[in-house]
Amino acid sequence: MTENAAANVTLPESLAAALRRLAAALDKLDAACERRAKADALRANLEEELAVMQDDRARLAVKLDGALARVKSLELAHEEISRKLSHARGEIAAVLSEAAMREN
């Protein structure tokens with residue numbers, strides 16, 4: 001059968017309707033595949049962003065732990081210095097008091 005002969009052949013209406021339904025179903029399938037591909041790409045982007053945020057969170061947690069340790073160290077140093085200054089103040093007051101008593 002040549003192409004011209006095939007073009008002249010008419011299909012029964014039920015077969016033509018079935019072919020139209022098949023074409024419509026294939027179009028819907030193509031559209032669904034495109035939507036799925038876009039959704040998968042979006043999911044991959046979101047998963048990548050989540051991984052970046054988790055890395056940032058971990059890095060910030062390490063920095064926070066370091067900062068908290070430094071604060072604790074500074075607090076301990078402050079307490080030690082306060083104790084030493086208080087002791088030194090007491091010693092100075094005692095020396096000044098003793099010196100004042102000798103002068104009188």
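Residues numbered from 1 in each chain as written. Predicted model: local features only at pLDDT ≥ 70, side-chain atom pairs only at ≥ 80, totals over all residues. Heavy atoms only, no water.

### Describing the overall build of the chain
Working step 1: Along the backbone of the chain there are two helices and zero strands.
Working step 2: The globule rule puts the C-alpha radius of gyration for 104 residues at 13 Å, and the 43 Å found for the chain is more than 25% above it.
Working step 3: Taken along its principal axes, the extent of the C-alpha atoms in the chain is 140 × 20 × 15 Å.
Working step 4: Expressed as a percentage of its 104 residues, the buried residues of the chain come to 2%.
Working step 5: Surface summary for the chain: the accessible area is close to 9600 Å², and the carbon and sulfur share equals 61%.
Working step 6: Separation of charge centres in the chain, based on 16 positive and 18 negative side chains, amounts to 3 Å. (Helix = DSSP H or I, 4+ residues; strand = E, 2+ residues; numbered from the N terminus. Rg over C-alpha atoms; globule rule 2.2 N^0.38 Å. Buried < 20%, exposed > 50% of the residue type's maximum accessible area, 1.4 Å probe, protein only. Areas by Shrake-Rupley, 256 points an atom, 1.4 Å probe, with all protein chains shown as cover. Lys, Arg positive; Asp, Glu negative; His and termini not counted. Charge placed at Lys NZ, Arg CZ, Asp CG, Glu CD.)

### Quick notes on the pattern of salt bridges
Working step 1: A full pass over the atoms with the stated rule returns seven salt bridges.
Working step 2: Across the pair R83 and E80 runs a salt bridge whose closest N-O atoms are separated by 2.3 Å. One end of the pair, R83, and the other, E80, are both in helix α2 (residues 13-103), three residues apart, so they sit about a helical turn from each other.
Working step 3: Judged by relative accessible area, E80 falls into the partly exposed class, the value being 33%.
Working step 4: In this structure, the salt-bridge partner of K84 is E80, at a minimum N-O distance of 3.8 Å. Remark: E80 and K84 occur in helix α2; sequence separation between them is four residues, near one turn of the helix.
Working step 5: In this structure K84 comes out as exposed when scored by relative accessible area, which is 53%.
Working step 6: If you follow the salt bridges from partner to partner, you end up with E80, R83 and K84 in one network. (Salt bridge = Lys/Arg side-chain N within 4 Å of Asp/Glu carboxyl O.)

### Here we look at a nonpolar patch on the surface
Working step 1: Residues L11, L15, L19, L22, L26 and L29 make up a contiguous nonpolar surface patch of roughly 540 Å² in combined accessible area.
Working step 2: As for its placement among the helices and strands, L19 is situated in helix α2.
Working step 3: Here L19 falls in the partly exposed class, since its relative accessible area comes to 42%. (Patch = residues over 30% accessible without salt bridge, like charges linked within 9 Å, V, L, I, M, F, W, Y side chains within 5 Å.)

### Considerations on the environment of R35
Working step 1: Of note, R35 is situated in helix α2.
Working step 2: Along the chain, R35 and A100 lie 65 residues apart, while their C-alpha atoms are 94 Å from each other.

Function cannot be inferred from these measures alone, as they are strictly geometric.
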